[in-house]
Amino acid sequence: MAQTFIPYPIDVVATVAAIRRDWPAVVWLDGDAGGDHSIISAAPREQLISRGGETWVADPLSDRPARALGKGDPLAHLRERLGPVRPGQGPFAGGAIGYFSYELGRRLQGQTVADAGMPEMAVGLYDWALVLDHRRHRAWLAGEPPAALADALTSAAAQSPGPWSTGGHVQCAPGFGGYAEAFHRVMGYLRDGDCYQVNLARRFRGDFEGDPLGLYRDFRARAGGPFAAYLELPGGPILSGSPERFLRLRDGCVETCPIKGTRPRQADPAADARARESLLSSAKDRAENVMIVDLLRNDIGRCCATGTVTVPRLCALESFATVHHMVSVVTGRLDPRFHATDLLRDCLPGGSITGAPKYRAMEIIDELEDGPRGVYCGAIGYIGYDGAMDSNIAIRTMTARDGQLDYRAGGGLVMDSACREEYDETSAKAEAFYGVVEQGGQAHVAEQQFPFDADMMQSFDR
């Protein structure tokens, strides 16, 4: 299939603004901060929306009401709508892009699900994408883009997000007293042998008005995650600065990269080096990471061929804009009997943000946290018509709805966790959120603009 080459680099925020001006349901899987690719699309041929155990299909390009597909497994409905697996080109040339919430994971795990005020799954089926390859420094249009897209890209440099503002103040729940109470209840469950680890999160909120894409422009500069995303889908807008890959599937190879272990970044280089060394030498953090590696080996092993699950990287250090993390890599080879939706079903929600054993940890989380998680700790990503998949764990992620920003941050608790340290870790993970809310929309991060020249676009075959 012929593809259209785009001059690289581009002003990606202006490009998304230009696309959004003319087409609905824009999605942007944003790998600019250390990822391999970015994927931008809009105007899906249909959307699948799941809530309360039912799934609907809607046409975002028309006013026709959504059509019920019925009850049952939402991922089975998605698998059917994707159709037979067919060859594809590049990382993405068409398929499903969207989010799979934490509550969808609970439903798939057979647990009672509370209404989080948003769909449990919202994905669009997109037949084209603007793909940016950040390693090889090139960009192209894949699939079957709208005929008018080239004109939109040519005028992209003149586009920018609208203004935005916040109240400048972050509300947190719980404060230290409430967190300490929940912490000690988790310690009781750990002592009683209910669990080995429980991920306990706090909720952060701020008032908001204006253009969420403008907010995302500034948030991404602070959050700096390689698996970031911006989605204008039912339940959104959703703004993610995630540093964590959840599931990647390509050519039968499965990869998941759990994060466990965190230290805040320090402005002083010597202090920052000490923070890195503290994390790498921490027996507690290493034990937490290994627990989740074992859980994920089991989860992906359900769909992987026997004997293929390995751990090529254990407890390595990775540094991000606001924190250092300990990251492992677990891989396997998908059994040919299974599809990407089967792998997602067996693994959602990711073990790094539940605890172990997963089912009981999720029950305790539901008991102790301030309401359903929604997209937080779910997954954002794509499943292509070619059967490939890539997704994040939706941490460092907020929604911008009904005049409010909603953001959460948590950490894994084990027997030797210290309450104050764990509480402070949640604050460190919310630093980018604090920064952008307190900024209040008054100062924006400038991005160099690279206008498109229509005469420079070239068609090439891959």
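To be clear, the structure that these remarks concern was listed above.
Residues numbered from 1 in each chain as written. Predicted model: local features only at pLDDT ≥ 70, side-chain atom pairs only at ≥ 80, totals over all residues. Heavy atoms only, no water.

K.L.:
What is the right way to read the environment of M398 from this model?
P.N.:
Within the element layout of this structure, M398 appears in strand β24 (residues 397-401). What makes M398 buried here is its relative accessible area of 0%. Beyond its immediate stretch of four places on either side in the chain, M398 contacts L215, F219, P237, I238, L239, L405, D406, Y407, F433 and V436. (Helix = DSSP H or I, 4+ residues; strand = E, 2+ residues; numbered from the N terminus. Buried < 20%, exposed > 50% of the residue type's maximum accessible area, 1.4 Å probe, protein only. Contact = heavy atoms within 4.5 Å.)

K.L.:
Explanation requested: the side chain of S352 in the structure shown.
P.N.:
Inspection of the secondary structure assignment puts S352 in the loop between α9 (340-347) and β21 (355-356). On the basis of relative accessible area, S352 is assigned to the buried category, the value being 2%. A distance of 2.7 Å separates polar atoms of two side chains, one belonging to S352 and the other to E244. Ignoring sequence-local partners within four residues, the contact set of S352 consists of N199, E244, P258, I259, K260, I292 and I393. (Polar contact = N/O pair within 3.5 Å; in protein donor to acceptor, adjacent residues only side chain to side chain.)

K.L.:
Help me understand α9, please; the structure alone is not making it clear to me.
P.N.:
Helical geometry note: an α-helix holds 3.6 residues per turn, so side chains three or four residues apart project in the same direction. With seven of eight residues buried, α9 lies mostly within the body of the structure. Of all the positions in α9, only A340, T341, D342, L343, L344, D346 and C347 are classed as buried.

K.L.:
Whenever I open this one, the packing of helix α5 (residues 176-191) against helix α11 (residues 419-429) confuses me. Can you help?
P.N.:
Packed helices, taken two at a time, are described by the angle between their axes plus the distance between the axes. One can describe the packing of α5 onto α11 by two numbers: an axis separation of 10 Å at closest approach and a directional angle of 120 degrees. What the angle tells us is that α5 and α11 run oblique. Along this stretch, α5 crosses α11, giving a crossing that reads as right-handed. Counted together, F176, Y179, A180 and F183 of α5 and C419, R420, E422 and Y423 of α11 form the full contact between these two elements. Class assignment of the residues belonging to the contact of α5 with α11 gives a composition of six nonpolar, no polar and two charged. (Axes fitted to C-alpha atoms, helices over the stretch in contact; angles between N-to-C directions. Parallel < 35°, antiparallel > 145°, perpendicular 65-115°, else oblique. Left-handed = near helix turned anticlockwise from the far one by under 90°. Nonpolar A, V, L, I, M, F, W, Y, C, P; charged D, E, K, R; others polar.)

K.L.:
Is there a simple way to explain the nonpolar core in this structure?
P.N.:
Side chains that are nonpolar tend, in soluble globular proteins, to be buried together. By size, the foremost hydrophobic cluster in this structure holds 56 residues, and its most contacted members are L78, F100, L343 and L344. Counting residues per element, this core draws most heavily on α5, which supplies eight residues. When near neighbours in sequence (up to four residues on either side) are disregarded, L344 contacts L75, F100, F246, L247, I383 and M389. If you look at the next biggest cluster of nonpolar residues, it comprises 43 residues, including W28, A152, A223 and V436. (Core = buried A, V, L, I, M, F, W, Y, C linked by side-chain atoms within 4.5 Å.)

K.L.:
Teacher, can you tell me more about the pattern of salt bridges here?
P.N.:
Inspection of the entire model under this criterion finds 41 salt bridges. By sharing partners, the salt bridges in this structure join R203, R205, D370, D406 and R408 into a single network. (Salt bridge = Lys/Arg side-chain N within 4 Å of Asp/Glu carboxyl O.)

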